[in-house]
Amino acid sequence: MNDTPHIQLKGVKKRFGSKLVLDGVDLTIRRGESVVIIGGSGTGKSVTLKCVLGILRADEGSIHVAGEDVTRASGSKRDAYLRKFGMLFQGGALFDSLSIWENVAFGLIQGRGLPRKQARETAIEKLAMVGLSADIANLSPAELSGGMQKRVGLARAIAANPEILFFDEPTTGLDPIMADVINKLIASTVRDLGVTAVSITHDMVSARRISSRIAMLYKGRIIWDGPTDSIDNSGNPYVDQFIRGSAEGPIRMEVRS
Amino acid sequence: MSANENILSSNWNIFAAIGRVVLAFLAGTGRLAVFAGIAISHIVRPPIYWQLVLHQMLRIGYFSLPVVGLTAFFTGAVLCLQIYIGGNRYGAEAFVPQIVVLGITRELGPVIAGLMMAGRVSAAIAAEIGTMRVTEQIDALTTLATNPFKYLVVPRIVAAVVTLPILVAVADSIGVFGGYIVGTRSLGFNGAVYINNTMNFVTAGDVRSGLIKASVFGFIIALMGCYSGFHSKGGAQGVGAATTQAVVSASILILAANYLMTSFFFSE
Ligand SMILES: Nc1ncnc2c1ncn2[C@@H]1O[C@H](COP(=O)(O)OP(=O)(O)OP(=O)(O)O)[C@@H](O)[C@H]1O
Ligand SMILES: [Mg+2]
């Protein structure tokens with residue numbers, strides 16, 4: 001394996017109007033790593049992933065994927081690097097005009113030109129991996145519960161066996177048992193297939209299970225970044241407060257009490 | 001502060017407000033032009049998803065037939081009635097069939113069908129694409145290496161550009177038929193004479209100009225629907241605003257484009 005980081009963000013800034021959301025994010029992710037990004041609601045975790053995917057354009061800084069500068073990639077170059085990725089969106093983002101299996105097989109059919117029959121088989125296989133049976137394959141997304149939609153989104157993300165997986169809150173809205181199934185699935189995909197994974201989660205149990213490294217985003221910057229084992233003695237008061245889930249500490253929520 | 005200065009500063013406020021509106025308008029026009037440019041660049045570059053085009057043609061065209069048919073019928077009927085009443089003053093009732101067919105094929109057929117489609121199709125496109133935008137489905141398309149212009153915009157524009165002339169051809173026939181019904185049933189025209197006068201008078205050029213207009217209207221309708229949907233923000237409210245914007249802007253652009261095309265086609 002080479003030493004070029006799989007994903008590298010350098011000084012990424014993103015502004016919406018006058019609001020600075022990312023204020024110089026630096027993050028390096030090696031091949032085969034599973035990194036979890038934690039941080040308060042609205043600190044720009046989803047925005048960070050979207051900048052890497054080029055859904056949002058970073059205002060400043062650079063983003064490299066497998067050594068290649070993709071900060072301003074467009075057209076076929078962009079399609080080519082996007083084929084490396086699978087993404088689970090926070091809200092699922094399933095196509096509601098298509099059936100469940102067509103959703104899962106979308107990247108295979110549209111992106112890679114696989115025949116429909118073959119793509120359907122793969123889709124049903126992936127659905128089974130996230131604990132969904134073939135019975136729902138022909139339903140439409142609106143007919144599923146929120147947690148089921150999330151799992152379909154997960155199946156869609158892993159369908160084309162991408163080398164990089166982004167999961168935006170993969171276990172939110174799932175019952176604890178199903179959450180554990182998904183955690184195991186993510187952990188084993190990373191371990192067995194050598195995939196690089198970046199997940200966002202508020203669920204510290206899940207974070208500990210699926211990650212080898214944790215990075216904490218606060219006020220638009222990565223304020224702590226280290227191995228998952230060392231999170232309990234990070235020596236960082238912000239991280240401590242976050243993993244304790246306490247309202248007391250340096251992080252002040254903007255609520256009136 | 002003196003009263004004079006007050007007036008001055010409030011004047012400046014007005015200028016600033018006007019300036020802001022003008023700037024916003026120019027920026028909006030620029031964004032629309034860029035959007036249209038990207039869409040056209042994808043139309044001329046393969047691949048085109050023909051299956052999606054057919055699907056959209058069915059949605060845009062087939063299901064609009066009843067609406068367009070009914071509006072065209074009543075438009076032809078009322079046109080016939082008004083021309084008869086107006087023509088009566090100069091003893092020109094005999095020209096009713098000719099004027100009806102001219103009015104329908106050149107102007108009213110395409111414009112009425114275009115406006116009805118702006119209400120029906122632009123709104124539906126804007127609502128669908130707007131919902132896809134706010135629920136991140138368009139972002140999901142991109143990450144699945146599928147260009148949203150190719151997958152969403154191009155099929156709708158191509159379908160509308162092809163389908164609108166067909167709808168207008170139907171509208172023309174039904175409109176003339178509406179005039180014929182009123183003319184023969186309540187105004188006392190002889191059926192054979194009415195049809196004869198219509199057919200002998202109308203030229204292929206009249207019909208063709210109307211069908212070309214229809215294609216342009218189809219482009220405007222699908223473009224405004226897609227553009228508004230793509231740029232919708234926020235949740236349900238944003239999608240609602242996008243839908244309204246699509247219908248209003250498509251209607252205005254249709255009427256403006258119609259005037260331009262009429263002055264272009266029929267200037268001697
Ligand atoms: N498209 C956008 N336009 C304007 N502002 C945006 C946009 N996307 C995100 N933001 C803003 O950026 C900030 C960060 O959003 P983001 O979705 O990244 O939060 P997050 O860290 O993922 O939070 P959560 O844990 O609640 O999902 C928010 O304040 C949000 O209002
Ligand atoms: Mg988020």
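Report on the accompanying structure. These figures come from a predicted structure and were not determined experimentally.

Before going further, it helps to examine the site of ligand 1. All names here are of chain A. Every one of the 14 residues lining ligand 1 counts as a neighbour, but Lys 19, Ser 41, Lys 45, Ser 46 and Gln 90 are closest to it. Residue Lys 45 places a side-chain N or O atom 2.8 Å away from an oxygen atom belonging to ligand 1. For ligand 1, whose accessible area on its own is 640 Å², the fraction buried by protein is 65%. Among the elements that make up the shell around ligand 1, the one with the highest residue count is helix α1 (residues 45-52) (3 residues). Within the shell around ligand 1, the residues separate by chemical class into 3 nonpolar, 8 polar and 3 charged.

Residue and element names in this part refer to chain A. Structurally, Ser 206 is set in helix α7 (residues 204-210). We classify Ser 206 as buried; its relative accessible area is 0%. Among all residues touching Ser 206, those that are not within four sequence positions of it are Thr 171, Asn 183 and Thr 201.

Metal coordination angles in their ideal form are 109.5 degrees for the four-donor tetrahedron and 90 or 180 degrees for the six-donor octahedron. Within the protein, the magnesium ion (ligand 2) binds to Ser 46 of chain A (OG) and Gln 90 of chain A (OE1); these donor distances fall in the range 2.0 to 2.2 Å. On the criterion of sequence distance, the pair formed by Ser 46 of chain A in helix α1 and Gln 90 of chain A in the loop between β6 (85-88) and α3 (100-111) is long-range, its members being 44 residues apart.

Residue-level contacts link 14 residues of chain B with 22 residues of chain A. Carbon and sulfur atoms make up 60% of the area that chain B and chain A hide from each other, which totals about 1500 Å². Residues Lys 50 of chain A and Glu 136 of chain B are paired through a salt bridge, measuring 2.5 Å at the closest nitrogen-oxygen approach. Linking chain B to chain A there are 4 residue pairs in polar contact (both at pLDDT 80 or more).

Time to look at the packing of helix α5 (residues 146-158) of chain A against helix α6 (residues 176-193) of chain A. Residues and elements named next belong to chain A. Two elements in contact, α5 and α6, have axes separated by 12 Å at closest approach and are oriented at 10°. Taken as axis vectors, α5 and α6 run roughly parallel relative to one another. Where α5 abuts α6, its residues Arg 151, Leu 154 and Ile 158 lie against Met 178, Ile 182 and Leu 185.

So, how was this worked out
- Residues numbered from 1 in each chain as written.
- Chains lettered and ligands numbered in written order.
- Predicted model: local features only at pLDDT ≥ 70, side-chain atom pairs only at ≥ 80, totals over all residues.
- Heavy atoms only, no water.
- Near = heavy atom within 4 Å.
- Polar contact = N/O pair within 3.5 Å; in protein donor to acceptor, adjacent residues only side chain to side chain.
- Areas by Shrake-Rupley, 256 points an atom, 1.4 Å probe, with all protein chains shown as cover.
- Helix = DSSP H or I, 4+ residues; strand = E, 2+ residues; numbered from the N terminus.
- Nonpolar A, V, L, I, M, F, W, Y, C, P; charged D, E, K, R; others polar.
- Buried < 20%, exposed > 50% of the residue type's maximum accessible area, 1.4 Å probe, protein only.
- Contact = heavy atoms within 4.5 Å.
- Donors = N, O, S within 2.8 Å, 3.2 Å for Na, K, Ca; no water.
- Buried area = accessible area lost by both parts, 1.4 Å probe.
- Salt bridge = Lys/Arg side-chain N within 4 Å of Asp/Glu carboxyl O.
- Axes fitted to C-alpha atoms, helices over the stretch in contact; angles between N-to-C directions.
- Parallel < 35°, antiparallel > 145°, perpendicular 65-115°, else oblique.

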